[in-house]
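# Fold and geometry: a report
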Amino acid sequence: MSASTATAVPPVSADPVASFTAAARSEWVKVRSLRSSVGSLLAVVVATVGIGALVCAVDDGGGDSEAGFDALFASFYGLNFGQIAAIAFAVTAFSSEFHNGALRVSLTAVPRRGVFYAAKTAVVGGLVLAAGLVAGFAAFLAGQHLLGAKGLELSDLGALRACFGSAVYLTLMALFACGLTALLRSGVAVLSMLIPFLLIVPFVMGDLAAGAADYLPDKAGQLVLQQNPDSSLGPWTGLAVTAVWALAAVVAGWVAVRRRDA
Amino acid sequence: MTCIEANGLTKEYGAVRAVDRVTFSVEPGRVTGFLGPNGAGKSTAMCLVLGLSRPTAGTATVGGRPFAGLGQPLRHVGALLDAQAAHGSRTARDHLLTLAAANRIPAARAGEALEETGLAGVARRRVRTFSLGMRQRLGIAAALLGDPGVLMLDEPSNGLDPEGIIWIRELLRRLAAEGRTVLVSSHLMSETASYADHLLVLGKGRLLADSPMRAFIDAHVQPRVRLRSTEPERLRSVLLRAGYEPELGEDGRMTVPGARAARLGPLAAEENLPVLELANDEATLEEAYLALTADETQFAAAPSVLAQEV
C-alpha cells in the first residue's frame, strides 16, 4: 500500500477495447475457478460424443434400408443432451451474477455494463464454441466409425457442415440461454423453462414437419446436422433462424442489464 | 483530490424516497462515518455513488467524475457492499483474481490483500466454508485489492469478532492517515465513534448532519460536570450564585449541566470547598444521535400531531 496512489487523480477512461479484453479475462477466470462450470463444459463434449457413439453402435446391427435413416444425424444424437450441458453452463455463468449482490461486485470492477455484458457473453459463447467444435468432430468421427459400412467420411455430403454446424448450434443455444438468464435474472427459471421445452416439445410436436414448429430454435438449428433435411428450411437458413432467436434473447438480456439497478 | 461528492442525489422506489436530495462531500485523510438506522438509505446512497443504481435526480462523482467513467475503477475506489457476494464455490484467492483480472491488477496483489486481511491461511479454501466474519474480511480484501484512494465500506464490522472489530478500527484509521478517502457506513454508534473523524447522518433518506464528530456531539448534547464535595449544600449555593443549576444526587454527588470542569474547579477553590471528585461528563455519540433524531421525529410529526394522538 502506498500513499502516493491515494492522492492520484483518476485517469481518463481506458479505451473500450482494453477494458473489454480485461473484462473477458476476468470472465475466463470466473469460469476456470468454478468446478461446476468446467464440469458442464466437459459434459458438452462427453454427452455429445458418448451418446452419439452409443446410438451409432446400437444402430450398426439395424437394417440399411430403414426409411429416413440419416447416418449423419445418428452420430449427432448426443447433441440433444450436449446442448443441455451447454445451456446449463451458460445459465450458471449468468445466474451466479444475480445471487447475493455478485453483480454489484462485478460492476464495481467493470462499471460499463456494455463491456461487462459483451465480455461475459463472448466468453461463454467462445468456450461453448470451442467445446462444440471438439464435440462435433469427435461425435462425427466416432459415430461414423461405429456405423461401419454405412459410415460417412468427412468429405461426404453435409459432413463438414454438420461438424461445424453442431458447434455453432451449441453456441447459439448457449447464447439464447445467456440472454434469457440476464433477462429473467434466475437460473432456475430459465432451466425449468428451457429443458422441458427442449426435451418434451420435440416429442409432442413429433414429426409435424410443417408449420411453426420448423421455426423453433432447436428444431430449426438441428437441420444443419441432417444429410437431407426434410423441412421448409435449408440447413443454413435453419441455423440462421436459431441465430435470430439467440440474438433476440441476447438483446433482451442486454436491455435488462443496462436498465435495471444492480 | 479524490473525494466523493453527491449533489442533490435522489432515489425513488415507487412512492418511497430512499434517498432524498442528499448533498455531501467526503474528504480524503479522514474517516467519515455514514450513520443512520437500517433503512435510512445509506446502502442506496453508496450504490448510487457506484453507479449501481440510477439516481432519480442528482449526481454523484468520485474524484470529480462519475464512477462509471473511471478506467480500471478498482485502482481508485474499493467498495464493500455485501459480504455474501463472493461465489461460495470459488476459493478466496480466485474470487480476488477474477476482480484483479478485470482491472489489470497484478495477481500478486491478491495474495497481499489476503495477507493484509488475515486470510492468507485460508486463501485456497472455498468461500462457502467461511464464517460471516471471514467473508467480511474477504470483502475488505477485495476493496483493498487495487490499492485505491477511495474506500466505501458498508457495515464492514458486521459479523466480526471483538478482535476483528479492533482490527477494522485500526485499519480504517491507518487508511485515512495514508491520505485516503474513507467512507464507512454503520448503524452502531459506539463502533462509529471509535474510528470516525467526520459524520454524515442519514435519516429516512435525508441528510440530517454533516459535521466533524466532536462538533456533532457538542452541538446536540449539553456538556455536564460531575462533582462530589464534603459540603454539597454550600457548593450548591455557590453554583446557584454563579448561575448554574446543579442537580443534587446521593452521597454529596451532583451534576451540573452546561458547565465544564475547568470553570468549576477554580470556583470551588475560591470558596475553599473541598472537592472529592470533579470530571467532565463526556457526551457520547449515541446521546447526540438520539438527541438529533428526537428533534427530527418531533419536527416530522409536528404537522400531523392532532391527527394522530397516540
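Since this is a predicted model, take the numbers as computed values, not measurements. (Residues numbered from 1 in each chain as written. Chains lettered and ligands numbered in written order. Predicted model: local features only at pLDDT ≥ 70, side-chain atom pairs only at ≥ 80, totals over all residues. Heavy atoms only, no water.)

A separate point is the overall build of chain B. Each helix and strand in chain B was counted, giving 10 helices and 13 strands. Expressed as a percentage of the 310 residues in chain B, the buried residues total 51%. Look at the contacts in chain B between residues 6 or more apart in sequence, and 69% of them connect residues 24 or more apart. Summed over its atoms, the accessible surface of chain B is roughly 13500 Å², and 52% of this surface lies on carbon and sulfur atoms. (Helix = DSSP H or I, 4+ residues; strand = E, 2+ residues; numbered from the N terminus. Buried < 20%, exposed > 50% of the residue type's maximum accessible area, 1.4 Å probe, protein only. Contact = heavy atoms within 4.5 Å. Areas by Shrake-Rupley, 256 points an atom, 1.4 Å probe, with all protein chains shown as cover.)

Moving on to unusual backbone geometry. In this structure, R185 of chain A is a non-glycine residue whose phi angle is positive, near 60 degrees. Relative to the helices and strands, R185 of chain A resides in the loop between α8 (159-184) and α9 (187-205).

Turning next to the UniProt feature "transmembrane region" (unreviewed entry) in chain A. All names here are of chain A. The UniProt entry lists residues 38-58, 122-147, 159-184, 191-213 and 233-257 under the feature "transmembrane region" (unreviewed entry), expressed in the numbering used here. Between the end C-alpha atoms of residues 38-58 there is a gap of 30 Å, over a span that is 100% helix and 0% strand. Secondary structure across residues 159-184 comprises 100% helix and 0% strand; the distance between its end C-alpha atoms is 37 Å. (UniProt positions renumbered as here; feature names shortened; annotations may be inferred.)

Formed by 115 residues in total, the largest nonpolar core has its most connected members in L96, L138 and M152 of chain B. With 14 residues, the top contributor of residues to this core is α8 of chain A. Residues contacting M152 of chain B, with those up to four places away along its chain left out, are I4, M46, V49, L50, V77, G78, A79, L80 and L183 of chain B. Counting residues in each nonpolar core, the second largest holds 33 residues, with I217, A283, L285 and L292 of chain B among its members. (Core = buried A, V, L, I, M, F, W, Y, C linked by side-chain atoms within 4.5 Å.)

On to the UniProt feature "domain: ABC transporter" (unreviewed entry) in chain B. Feature annotation in UniProt places "domain: ABC transporter" (unreviewed entry) on residues 4-229 of chain B, given in this structure's numbering. Counted over residues 4-229 of chain B, helix gives 32% and strand 30%. Its end C-alpha atoms are 51 Å apart.

Further remarks concern helix α9 (residues 261-270) of chain B. Each full turn of the α-helix corresponds to 3.6 residues, which orients residues three or four apart in the same direction. Residue and element names in this part refer to chain B. Within the sequence span of α9, burial applies to A261, L264, L267 and A268. All buried residues of α9 fall inside an arc of 130 degrees around its axis, so they share one side. Along α9, exposed side chains directed more than 90 degrees from the buried face belong to A262, A269 and E270. Looking at the packing, one finds that the buried side of α9 touches β10 (224-229), α8 (232-241), β12 (253-257) and β13 (275-281). Where α9 ends, the next residue or the one after it, N272, has phi of about 55 degrees, a positive value. (Arc of directions from axis to C-beta.)

Attention now goes to the interface of chain B and chain A. Taken together, the contacts link 48 residues of chain B with 39 residues of chain A. Seen at the junction of chain B and chain A, the total is 1 salt bridge. Across the chain B-chain A interface, the total number found is 12 residue pairs in polar contact (both at pLDDT 80 or more). Listed by contribution, the elements that provide at least two residues to the side of chain B that touches chain A are β1 (4-13), α2 (92-102), α3 (108-116) and α5 (162-177) of chain B. A breakdown of the residues in the side of chain B that touches chain A according to their chemical character gives 19 nonpolar, 15 polar and 14 charged. (Salt bridge = Lys/Arg side-chain N within 4 Å of Asp/Glu carboxyl O. Polar contact = N/O pair within 3.5 Å; in protein donor to acceptor, adjacent residues only side chain to side chain. Nonpolar A, V, L, I, M, F, W, Y, C, P; charged D, E, K, R; others polar.)

Residues and elements named next belong to chain B. Tallying each qualifying case throughout the model produces 26 salt bridges over all chains. With a closest N to O distance of 3.1 Å, R174 and E116 form a salt bridge. Within this pair, whereas R174 is found in helix α5, its partner E116 is found in helix α3, the two being separated by 58 residues in sequence. By relative accessible area, R174 is classed as partly exposed at 37%. In this structure, the salt-bridge partner of R214 is E282, at a minimum N-O distance of 3.7 Å. Within this pair, whereas R214 is found in helix α7 (residues 213-220), its partner E282 is found in the loop between β13 and α10 (285-301), the two being separated by 68 residues in sequence. On the accessibility criterion, R214 (44% relative accessible area) is partly exposed. Classification of E282 by relative accessible area gives partly exposed; the value is 44%.

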